[in-house]
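The primary structure of each chain is shown beneath.
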Amino acid sequence: LFMHGHEVFAREGHCETCHQADGNGLPAAGFPPLAGSKWMTQSPERLIKLTLNGLHGPIVVKGKKYPGQVPMTPFGGMLKDYDIAAVLTYARNMFGNKASVITPEQVKAVRNATKDKTGFYSPEELLKAHPHK
C-alpha cells in the first residue's frame, strides 16, 4: 500500500506537483505543506473527504494562513479507493508524519456516505465536522 502510494503521489498532476517531493509544499505559491500537518495526521475521514472532493478556501496549516485561491484537485473521479488509500497512507507516514494506515474500505465507506456531495469542501466545513484535536 505504502509503495503504491508513493507512485500515485509522484504522478504528474497529482500530489507532488503542489505539495512537492519533500512534502513541504510551495508556500510562496499558496500550496501548504503536508509535513507535520494535522490535516494529514489526524482525522482519516476528513482527509478522505478533501481528497475525494477537493478543497477550496483559506486554510491554516502549521500556524500559517494560506489563501486557498487555487483549489485542491478533487481526485474522487480519477482514483480508485485503493489508490486513494495508498496515497493517503503514504503521505500520513512520510515527511516526518506518523499516522494510521487508511484502508480501501475506509475510502469506500466515506465515498458512499458523501456520494451526494457536489463541489469542493471548504476547510471551515471540514473542521466543523472533524475538528483538530
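Keep in mind it's a predicted model, so treat the numbers as computed, not measured. (Residues numbered from 1 in each chain as written. Predicted model: local features only at pLDDT ≥ 70, side-chain atom pairs only at ≥ 80, totals over all residues. Heavy atoms only, no water.)

Peer 1: Before we go on, may I ask you to explain the overall build of the protein chain in this structure?
Peer 2: From N to C terminus, the protein chain includes seven helices and two strands. Taken from the N to the C terminus, the helices and strands of the protein chain come in the order α-α-α-α-β-β-α-α-α. Relative to the 2.2 N^0.38 estimate, which gives 14 Å for 133 residues, the radius of gyration of the protein chain is 13 Å and therefore close to what a compact globule would have. Across its three principal directions, the C-alpha atoms of the protein chain cover 35 × 30 × 30 Å. Within the protein chain, buried positions represent 44% of all 133 residues. (Helix = DSSP H or I, 4+ residues; strand = E, 2+ residues; numbered from the N terminus. Rg over C-alpha atoms; globule rule 2.2 N^0.38 Å. Buried < 20%, exposed > 50% of the residue type's maximum accessible area, 1.4 Å probe, protein only.)

Peer 1: Would you mind showing me how to read the packing of aromatic side chains here?
Peer 2: The final tally for this structure, using the stated rule, is four aromatic pairs. When the centroid spacing of 5.1 Å and the interplanar angle of 50 degrees are considered together, the rings of Phe2 and Tyr90 count as tilted. With Phe2 in helix α1 (residues 2-10) and Tyr90 in helix α5 (residues 81-92), this residue pair connects regions lying 88 residues apart in the sequence. Judged by relative accessible area, which is 32%, Phe2 ranks as partly exposed. The exposure class assigned to Tyr90 is buried, which follows from its relative accessible area of 4%. Seen from their ring centres, Phe9 and Phe95 are 5.6 Å apart, and the 45 degrees between their planes marks the pair as tilted. Placement of Phe9 in helix α1 and of Phe95 in the loop between α5 and α6 (104-113) is noted, with a sequence separation of 86 residues between them. As far as the burial class goes, Phe9 and Phe95 line up, both buried. Following the ring pairs from residue to residue traces out a cluster consisting of Phe2, Phe9, Tyr90 and Phe95. (Phe/Tyr/Trp six-rings, centres within 6.5 Å; stacked < 30°, edge-to-face > 60°.)

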